[in-house]
Amino acid sequence: MSHDFGPAVALSCRECGARYPLGPSFACLECFGPLEAAYEFGNVTRADIESGPANIWRYRSLLPVPADVATKPNMNPGWTKLVKAGNLGQALGLKSLYVKDDSGNPTHSFKDRVVAIAVEAARTFGFHTLSCSSTGNLAGAVTAAAARAGLDACVFIPANLEAAKIAMARVFGGKLIGIEGTYDEVNRFCSELIGDPLGDKWGFVNVNLRPYYAEGSKTLAYEIAEQLGWRLPEQIIIPIASGSQLTKIDKGFKELVALGLVEDTPYKIFGAQAAGCSPVSTAYKAGHDVVQPVKPDTIAKSLAIGNPADGPYVLDIARRTGGAVEDVTDPEIVAAIKLLASTEGIFAETAGGVTVGVLKKLAESGRLDPEAETVVLNTGDGLKTLDAITGDDAKPTAVIRPSLDAFRAAV
Ligand SMILES: Cc1ncc(COP(=O)(O)O)c(C=O)c1O
Ligand SMILES: [Zn+2]
């Protein structure tokens, strides 16, 4: 049966290059390497893209989706703000800083981008249930997208996630299963379920639909370049959980260059992790090519993947582009959330605290070029991780009687 995946023509193995037809498969039969979408792009112009809708479908000719994708019910994520962050830049001594604020997506994280592509693949393969293993944001993005698309949903999370993420994943309907264990255990459980009749006709967005899902992160690269006036940034700071987003942003930049949509200018990619779950940063600093799994313990729960599938690729990209991988502690994450909020009016979730914290650390240690155009990603909304804001910060500055005298005394 032939499926319409637009410019995507095959799945190819990232390790050995073996090619497979476009299907719901994710691992190479030769070497068990991960599969990704391979393309034959037509002639894509800036004008075609610019005349498209103000969402990720303006890039449909670069994604594994049919040309009429925008006519089907989906969440239409993307085209989020690229905020010129002059105040934060000044605080950190960076001349030209931008925040790509993906908290503006429909379910308030960048995960709506990847899920939108996976929903289309699920429809194409005739799956009736949309599923995932999630560190929180993905669960909400999947249940919302399934509701809109008229699919069933059953999603899996570690049972100890933030209350807001649990409520958000429930409110759209479907089943939300809390697993007593870490994300890595949830993920292993999902791999078992795929091989069981219980999971028949289920599209696990980040497992058997991963080659399609992952491509959604390329849209961050496309948008940033287009919003900068069709230019690549010189430095970019990206959070790492599985590492998929970071590797696909690199892929997106390379495609724009290959298609002649931007000039071939150098860019440095910096990965950001929480110190309490920093397997990639640890490997980077030790000069290793392999990533040793860890057991996460951090407030940045959305990034708490101890065994990141794309870890080795992230190491390659950071080294190839002249970037780095760095990590910050939980108190540094909280301080960075407050710094971003008080300088730019953007309330980031803990993942945004990780990227801004790493940005600060890199800037202060002289590892960023202060003159270079720099983009830091905020991938989620602070309202989902309110527990990170505690003590006096979670209370009014003062509580007074409604009188001028009381106010005078308080300020
Ligand atoms: C808010 C947020 N940012 C970033 C990431 C990192 O995603 P990846 O697994 O692609 O590295 C996640 C993953 O769950 C997330 O929830
Ligand atoms: Zn292979």
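Remember, predicted model here, so these are calculated numbers, not experimental data.

A.B. asks: Go over the site of ligand 1 with me, naming the residues and quoting the values.
C.D. replies: Near ligand 1 you find 16 residues, and of these Ala 241, Ser 242, Gly 243, Gln 245 and Thr 379 are the closest. Within the backbone of Ala 241, one N or O atom sits 2.9 Å away from an oxygen atom of ligand 1. Separating an oxygen atom of ligand 1 from a backbone N or O atom of Ser 302 is a distance of 3.1 Å. Relative to its unbound accessible area of 390 Å², ligand 1 is 97% covered by the protein chains. Residue composition of the shell around ligand 1, by class: six nonpolar, eight polar and two charged.

A.B. asks: Outline the UniProt feature "modified residue: N6-(pyridoxal phosphate)lysine" (unreviewed entry) in the protein, listing residues and values.
C.D. replies: Mapped onto this numbering, the UniProt entry annotates "modified residue: N6-(pyridoxal phosphate)lysine" (unreviewed entry) at Lys 111. Its location among the elements puts Lys 111 in helix α3 (residues 111-125).

A.B. asks: Got a sec to walk through the pairing of strand β13 (residues 373-378)? Specific residues and values, please.
C.D. replies: In terms of burial, β13 is largely enclosed, as six of its six residues are buried. Side chains of β13 alternate between two faces, with Glu 373, Val 375 and Leu 377 and Thr 374, Val 376 and Asn 378 buried alike. Here strand β5 (residues 96-101) pairs with β13 via six bridges, running parallel. The partner of Leu 97 across the bridge, within β13, is Thr 374. In the sheet, strand β10 (residues 235-239) pairs with β13 via three bridges, with the strands oriented parallel. Counted as the bridge partner of Gln 235 is Thr 374 from β13.

Thresholds, definitions, all that
Residues numbered from 1 in each chain as written. Chains lettered and ligands numbered in written order. Predicted model: local features only at pLDDT ≥ 70, side-chain atom pairs only at ≥ 80, totals over all residues. Heavy atoms only, no water. Near = heavy atom within 4 Å. Polar contact = N/O pair within 3.5 Å; in protein donor to acceptor, adjacent residues only side chain to side chain. Areas by Shrake-Rupley, 256 points an atom, 1.4 Å probe, with all protein chains shown as cover. Nonpolar A, V, L, I, M, F, W, Y, C, P; charged D, E, K, R; others polar. UniProt positions renumbered as here; feature names shortened; annotations may be inferred. Helix = DSSP H or I, 4+ residues; strand = E, 2+ residues; numbered from the N terminus. Buried < 20%, exposed > 50% of the residue type's maximum accessible area, 1.4 Å probe, protein only. Pairing = 2+ DSSP bridges.

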